[in-house]
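# Chains, contacts and geometry: an overview
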Number of protein chains: 4
Amino acid sequence: MKIRAAIVGANGYTGFELIKLLYNHPHFTLTAAASRSFAGTRLRDVYPALSFVCGNDVFVPPDADEIAKKADVVFTALPHAASAAIGGTFHDKGIKVIDLSADFRYTDINLYETTYGVTHPRPELNRRAVYGLCEIFRAHIAKADIVGNPGCYTTCSILPLYPLLQAGLLSPHGIIVDAASGITGAGRKESVDYNFCETDENYKAYGVTTHRHTTEIEEKLHATVTFTPHLLPVKRGILATIYADLAPQATAAAIDKAYGMYADEKFAVPLGEGVLPELKWVAGSNVCAFGYKIDHKSNRIIIVSAIDNLIKGASGQAVQNANILFGLPETEGLPAIGNHL
Amino acid sequence: MKIRAAIVGANGYTGFELIKLLYNHPHFTLTAAASRSFAGTRLRDVYPALSFVCGNDVFVPPDADEIAKKADVVFTALPHAASAAIGGTFHDKGIKVIDLSADFRYTDINLYETTYGVTHPRPELNRRAVYGLCEIFRAHIAKADIVGNPGCYTTCSILPLYPLLQAGLLSPHGIIVDAASGITGAGRKESVDYNFCETDENYKAYGVTTHRHTTEIEEKLHATVTFTPHLLPVKRGILATIYADLAPQATAAAIDKAYGMYADEKFAVPLGEGVLPELKWVAGSNVCAFGYKIDHKSNRIIIVSAIDNLIKGASGQAVQNANILFGLPETEGLPAIGNHL
Amino acid sequence: MKIRAAIVGANGYTGFELIKLLYNHPHFTLTAAASRSFAGTRLRDVYPALSFVCGNDVFVPPDADEIAKKADVVFTALPHAASAAIGGTFHDKGIKVIDLSADFRYTDINLYETTYGVTHPRPELNRRAVYGLCEIFRAHIAKADIVGNPGCYTTCSILPLYPLLQAGLLSPHGIIVDAASGITGAGRKESVDYNFCETDENYKAYGVTTHRHTTEIEEKLHATVTFTPHLLPVKRGILATIYADLAPQATAAAIDKAYGMYADEKFAVPLGEGVLPELKWVAGSNVCAFGYKIDHKSNRIIIVSAIDNLIKGASGQAVQNANILFGLPETEGLPAIGNHL
Amino acid sequence: MKIRAAIVGANGYTGFELIKLLYNHPHFTLTAAASRSFAGTRLRDVYPALSFVCGNDVFVPPDADEIAKKADVVFTALPHAASAAIGGTFHDKGIKVIDLSADFRYTDINLYETTYGVTHPRPELNRRAVYGLCEIFRAHIAKADIVGNPGCYTTCSILPLYPLLQAGLLSPHGIIVDAASGITGAGRKESVDYNFCETDENYKAYGVTTHRHTTEIEEKLHATVTFTPHLLPVKRGILATIYADLAPQATAAAIDKAYGMYADEKFAVPLGEGVLPELKWVAGSNVCAFGYKIDHKSNRIIIVSAIDNLIKGASGQAVQNANILFGLPETEGLPAIGNHL
């Protein structure tokens, strides 16, 4: 019998991707896709690409009591604070929660509240929540009942940096993460700003020095970070080019040794010195791949790290967390080949 | 001394393109760019690409009295009926009007009203107005004081078909115009539908059997037309693939002879049998280029016609009409080389 | 135990897509990916998106004897005539063959030879071959040992037209197929013509009146067809807009009844009157979806049909044929949700 | 009478853009477009977008004697070393030379030879040559007869950094230039690597720590630079995100004061603190625009600088240099409005 999964806040691009992953998953079955704005509308009328599998299924209202009756796990993806509130309600009913907002990502609740400008509705639950970066916190996730699913830029940044900082190979001061994201990262917006004519053949920086993922990266890495996101004219994917000062003992051999912690990972893949991933290698997959070069002149490492923002950066990692929560093989239902084309 | 030009309804993509053309024009000077929604805002804050030429110029309100004081010609580009109303006011004040809406395009005002679902506010002016398809109605335009600037799809369709129908080389029954437009054709819209993520890597038909340009084409050609527009994932340009039944006497030689009427034209360019234009040849220019092949098996001609929807399909043709109205060389200020890159 | 599948001519985009599908298939295992030009090179060095699943697997030479030892079915995808030659060798060794070239698609071998300008190397095998358009020829395919996998434009055209022609609802004369394809359709080419700078923001017709898929469509439909392909600035997908004259008895009800033959199909999906598919609905899936509108003025039907050229138009249909050949559920290993994003 | 200009190496994208600019220039006339590979071919057959202005003009062979007879200035754009060789020949004949290769860009000829791996064919001429970054070296250019036209990435990097380094507001050590370029930057290549299917929806770093523009930037700025270029899925434009350590006295006021040196410039435009240009603001124009933010946490400045790589980054700056060489108004014939659409 399949595990019953529900989504609350299913109408955005993250929701669409989660629906796709759950439809294709051998062990989960989607029992409710909830959306306030689309309640009563057929899934296929919002996302016609689902037409060939979803029959006449409709979005349901985000009614926690109703949804709780038919879910073993709920994926919550509402705006900040609202997400923790309804997620807390599911938790109170004994249902496992994987939250895709920032609400359960921070250990330091003050840092969360300062970063997001809201009061956390359930601080006591935040203490129970586990940060769902699977490759690093897997053991804690397995025992958790609330998971704060990491941000997209943060996943792409933390995975390659964490082993090197742990091994003392990098200075934790003044790391630069210069990253570029596809436009799905901005969500499904009614705005001229993301109109094709405004974004195609364009490229721009945004949120320079102010983007909220900065504090999430800094908390998890115990480092200071200058983070500059850019908007790429592509649908999906993030590529981060990361600059950090090397410690004296940091050789390529030492770096590769530190990356040995990912030797058995399917979804965190160090490519080694000089092999730098491209977006198309990972877009469409749940893989975060990264490589590096050493700039001897400046004694810096330059890391290039790539993920699909909607999969490993959101819905795929959420499913990976669900696999862990329910003791399934961690790769189940998750794509490992990039789109390329 | 330069001729003073104003734009009413300057905030859309057509308005932006018109501003660019007028800034670069040797004989016109833009004295007012009016927009209700942007009045008081700097041009550069809406269209930063103008920053390097427009200083701190602001959009003004669409106040006909104020604008009339500083304009010899007004380009009106408001929604249907509103455009004719304010255009009529300028006309009453003795100012020449080039209207980019559909309001002054139709000879048969009933066909206009049926097609657009509005009552024409100034039917007596409609009788004075001239259809601004320069290469065909040049002589009338030169004597006009109100010009109905043609639609984009219509310009691209009429220019290659008109000479052949006039020469009796095509059946006027059941012509098919299968066309594809860049997304600027949809205008500057606050809508998810034109979000990059919804349009990039996509292609679709729309308005099938119902698009309003159908009746405009039919009226000017005295023909019946099945018109199927599509939305291309490009910013600008229209390419129309046109199918028509050949009359018995229609040889390539006869066709080329009929196209001889364009021998001296710079902006209506027959390329001959077997040379079919691509979008990049004309995008960025005021040229409509077209070529054809004969399908002997079905006794059909297949014409491929291409324009830039914002230039020859809107603002460029409007400037070409202004050049004619003021007795200037018709090519003045109009680009004749395609972007390619 | 899994069924052993080999690919000969694996280096192109069709080959890449086939490798992806076979890696993800529950019942087939890829035992050899052969390519003359890449023999000895790792798959991941040509297609890095495979890095996360294919280890250090290399392309092998197209040596029929070696490959025959480890294959129960071979997918052949070489240039015309070469494909039938090596496919014939595998057939002689008792191995099932699914050929993705045009070599086994035609019943009339003269039509094939005229269309492709080659002599068929194995005419006697051509008589045994079955045309692999699954939804129409399923019963024959199940008993076949050589399948000619249909072309991409042809699949997209035949599936919506066949039921209506069979039911006598359309005139078989002078059908127009005006289609647009993504650039993967041109294959993996060393050519300036398909450089990003030449194709992005562009759109063009090509092969007008001369494209080779015309005769394939005509043979299967017993109709005459004017076929005009265009090149879209997208990676994948074909959208065909089809015009045909309606028979007197052709109502929407009659059309929908004729489409009833697809009522149980997963991969040939009639959407009904007025619902016209977009590329993003089917790109990434094995679905061909189509809808229509009736143009009463001209007594024509306008059908819009969409597929993914690499999947239902090539590799996906090849796997669907393999599923049929080996008695597997026909949808096994084939994606049914479109990419959308 | 117009000044006669010739191009040697006219067949690439830089050549195309130069032809466009010269055709539209009020004071220059293009008398020869030379290309070894296209000699005898009509310009319009290689670049059909020129069809509407260039009649049946053909590419001529790169014969220096013939070209010298009809040129007052020659734009040379051949591969490294070859460009200086033929440029030298023109110089010997008393013709002004603007070289678009790297051959006359370096003061330190050893640095040039090390960077490009060639022996400079005319070292004595290199000493006469002036680096054609107009806004900084204008006075020297006016008296020069050989100009080394700057690289694209270098122009975009040097213009915003030079005033701040001159004013002592930045540390010259370890500046990071993280830049992204459109694909025209790679030139007109017969290569799968730049095929639409390989580049669309992709993004990648390349030449990390090894790109040749690094030494050009370093020489002109007397600074050390880590330079990381990326390839954007757009046709044209470069956006550079630059990180540098601030000197203690570096306030926004001091920075703006240093940028005062560009107060009268049309093509080097400081936008001030917090206004960061986007690609579409400058693509299609000869403008380099830049803005900045101060990251107080790390005491760094983050500069975002944007140009059109083919115009201000190549052909436009070459024409600007020609304007200077011949005492014309410097903005003549050069576009100052960005494409946006």
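Read on for an overview of the structure. (Residues numbered from 1 in each chain as written. Chains lettered and ligands numbered in written order. Predicted model: local features only at pLDDT ≥ 70, side-chain atom pairs only at ≥ 80, totals over all residues. Heavy atoms only, no water.)

## Details of the relation of the copies chain D and chain A
For the pair chain D and chain A, the superposition axis carries a translation of 0.0 Å, the fit reaches an RMSD of 0.0 Å, and the rotation angle comes to 180 degrees. Here the two chains are linked by the operation of a two-fold rotation axis. When C-alpha distances to the rotation axis are compared across chain D, the minimum falls at proline 233 of chain D, with a value of 3.5 Å. Most of the interface of chain D is mirrored in chain A, where 100% of its interface residues are also at the interface. (Least-squares fit on C-alpha atoms with pLDDT ≥ 70 in both. Contact = heavy atoms within 4.5 Å.)

## Thoughts on the environment of alanine 39 of chain D
All names here are of chain D. On the secondary structure map, alanine 39 appears in the loop between strand E2 (28–34) and helix H2 (43–46). Taking relative accessible area as the criterion, alanine 39 reaches 33% and is therefore assigned partly exposed. Separated by 22 residues in sequence, alanine 39 and proline 61 have C-alpha atoms that sit 5.0 Å apart. Discounting chain neighbours no more than four positions away, the residues touching alanine 39 are Phe59, Val60 and Pro61. (Helix = DSSP H or I, 4+ residues; strand = E, 2+ residues; numbered from the N terminus. Buried < 20%, exposed > 50% of the residue type's maximum accessible area, 1.4 Å probe, protein only.)

## Regarding the environment of lysine 220 of chain A
All names here are of chain A. One can find lysine 220 in helix H10 (residues 213–221). Taking C-alpha positions, lysine 220 is 33 Å from arginine 36, a pair spaced 184 residues apart along the chain. For lysine 220, the residues in contact, after removing those within four places along its chain, are Arg105, Tyr106, Thr107, Tyr131, Ile158 and Tyr162.

## Description of the interface of chain D and chain A
On the chain A side, the residues contacting the 43 residues of chain D number 43 residues. Summed over the shared surface of chain D and chain A, the result is six salt bridges. A salt bridge links glutamate 218 of chain A to lysine 297 of chain D; the nearest nitrogen and oxygen atoms lie 2.7 Å apart. Scanning the region where chain D abuts chain A turns up 35 residue pairs in polar contact (both at pLDDT 80 or more). A breakdown of the residues in the side of chain D that touches chain A according to their chemical character gives 19 nonpolar, 11 polar and 13 charged. (Salt bridge = Lys/Arg side-chain N within 4 Å of Asp/Glu carboxyl O. Polar contact = N/O pair within 3.5 Å; in protein donor to acceptor, adjacent residues only side chain to side chain. Nonpolar A, V, L, I, M, F, W, Y, C, P; charged D, E, K, R; others polar.)

## Focus: the nonpolar core
By size, the foremost hydrophobic cluster in this structure holds 278 residues, and its most contacted members are Phe75 of chain A, Phe75 of chain B, Phe75 of chain C together with Phe75 of chain D. Once residues within four sequence positions are removed from consideration, phenylalanine 75 of chain C is found in contact with Ala5, Ala6, Ile7, Val8, Leu18, Leu22, Ile98, Leu100, Ala318, Val319 and Ala322 of chain C. (Core = buried A, V, L, I, M, F, W, Y, C linked by side-chain atoms within 4.5 Å.)

## Concerning the interface of chain B and chain D
Counting residues at the interface gives 32 residues for chain B, matched by 32 residues for chain D. Taken together, the two surfaces of chain B and chain D that pack against each other cover about 2,700 Å², and 69% of this comes from carbon and sulfur. Inspection of the region where chain B meets chain D yields zero salt bridges. On the surface where chain B and chain D come into contact, there are eight residue pairs in polar contact (both at pLDDT 80 or more). Put simply, the parts of the chain that give the side of chain B that touches chain D at least two residues each are helix H1 (13–23), strand E11 (268–273) and helix H12 (279–282) of chain B. Looking at the side of chain B that touches chain D element by element, the count peaks at four residues for H1 of chain B. Per-class residue counts for the side of chain B that touches chain D are 20 nonpolar, five polar and seven charged. (Buried area = accessible area lost by both parts, 1.4 Å probe.)

## Quick word on the relation of the copies chain B and chain D
Structural alignment of chain B on chain D gives an RMSD of 0.0 Å, achieved by rotating through 180 degrees and translating 0.0 Å along the axis. The share of interface residues of chain B whose copies in chain D are also at the interface is 100%, consistent with both copies meeting through the same surface.

## Here we look at the packing of helix H7 (residues 134–142) of chain B against helix H13 (residues 311–325) of chain B
Residue and element names in this part refer to chain B. At a closest axis distance of 10 Å, the pairing of H7 and H13 adopts a crossing angle of 35 degrees. For the element pair H7 and H13, the recorded crossing hand is right-handed. When H7 is examined against H13, the residues Cys134, Glu135, Arg138, Ile141 and Ala142 are found in contact with a partner set consisting of Lys312, Gln317, Gln320, Asn321, Ile324 and Leu325. For the contact of H7 with H13, a count of residues per class yields five nonpolar, three polar and three charged. (Axes fitted to C-alpha atoms, helices over the stretch in contact; angles between N-to-C directions. Left-handed = near helix turned anticlockwise from the far one by under 90°.)

## With respect to the pattern of salt bridges
Close approach of charged atoms allows side chains with opposite charge to pair. The full count for this structure, using the stated rule, is 72 salt bridges over all chains. One salt bridge in this structure joins glutamate 198 of chain B and lysine 280 of chain C, with 2.9 Å as the shortest N-O distance. Note that glutamate 198 of chain B is positioned in helix H9 (residues 196–199) and lysine 280 of chain C in helix H12 (residues 279–282), a pairing that runs across two chains. Residue glutamate 219 of chain D pairs with lysine 220 of chain D through a salt bridge whose shortest N-O separation is 2.8 Å. Salt bridges sharing common partners tie together Glu198 and Lys204 of chain A together with Glu278 and Lys280 of chain D.

## Some thoughts on empty space enclosed by the protein
Evaluated as defined, the whole model comprises three cavities of 30 Å³ or more. The volume enclosed by the largest cavity comes to roughly 280 Å³. Around the largest cavity, the lining comprises 16 residues; the ones closest to its centre are Glu201 of chain A, Asn339 of chain B, Glu201 of chain C together with Asn339 and Leu341 of chain D. By residue class, the composition of the lining of the largest cavity is four nonpolar, four polar and eight charged. As for the second largest cavity, its lining consists of 13 residues, of which Asp200 of chain A, Asp200 and Pro233 of chain B, Asp200 of chain C together with Asp200 of chain D are closest to the centre. Among the residues forming the lining of the second largest cavity, the class breakdown is seven nonpolar, no polar and six charged. (1 Å grid on protein atoms, 1.4 Å probe; cavity = no way out; pocket = protein on both sides within 12 Å on 5 of 7 lines; lining within 4 Å. Points joined across faces, edges and corners; volume = space filled by probe spheres on them.)

## Considering the sheet that holds strand E10 (residues 238–245) of chain B
Residues and elements named next belong to chain B. Pairing is mixed across the open sheet formed by seven strands, whose spatial order is E8-E9-E7-E10-E13-E12-E11. The two strands at the open ends of the sheet, each matched to only one other strand, are strand E8 (204–205) and E11. Bridge count between E10 and strand E13 (residues 300–307): eight bridges; the pairing is antiparallel. Note that in E13 the partner of leucine 239 across the bridge is alanine 306. (Pairing = 2+ DSSP bridges.)

## So, the sheet that holds strand E4 (residues 96–99) of chain B
Across a sheet, paired strands are connected by hydrogen bonds in the backbone, their directions being either parallel or antiparallel. Residues and elements named next belong to chain B. In space, the six strands of this open sheet follow the order E2-E1-E3-E4-E6-E5, with parallel pairing throughout. Where the open sheet ends on each side, the last strands, each with one partner, are strand E2 (28–34) and strand E5 (130–131). Bridge count for E5 against strand E6 (residues 146–148) is two bridges, and the pairing is parallel. Bridge pairing in E6 places tyrosine 131 opposite glycine 148.

## Comments concerning the side chain of aspartate 295 of chain A
Here aspartate 295 of chain A lies in strand E12 (residues 288–295). Buried and unpaired, aspartate 295 of chain A has arginine 300 of chain A as its nearest opposite-charge partner, separated by 4.9 Å. Dropping the residues within four chain positions of it, aspartate 295 of chain A is found in contact with Arg300 and Ile302 of chain A together with Thr209 and Thr226 of chain D. (Lys, Arg positive; Asp, Glu negative; His and termini not counted.)

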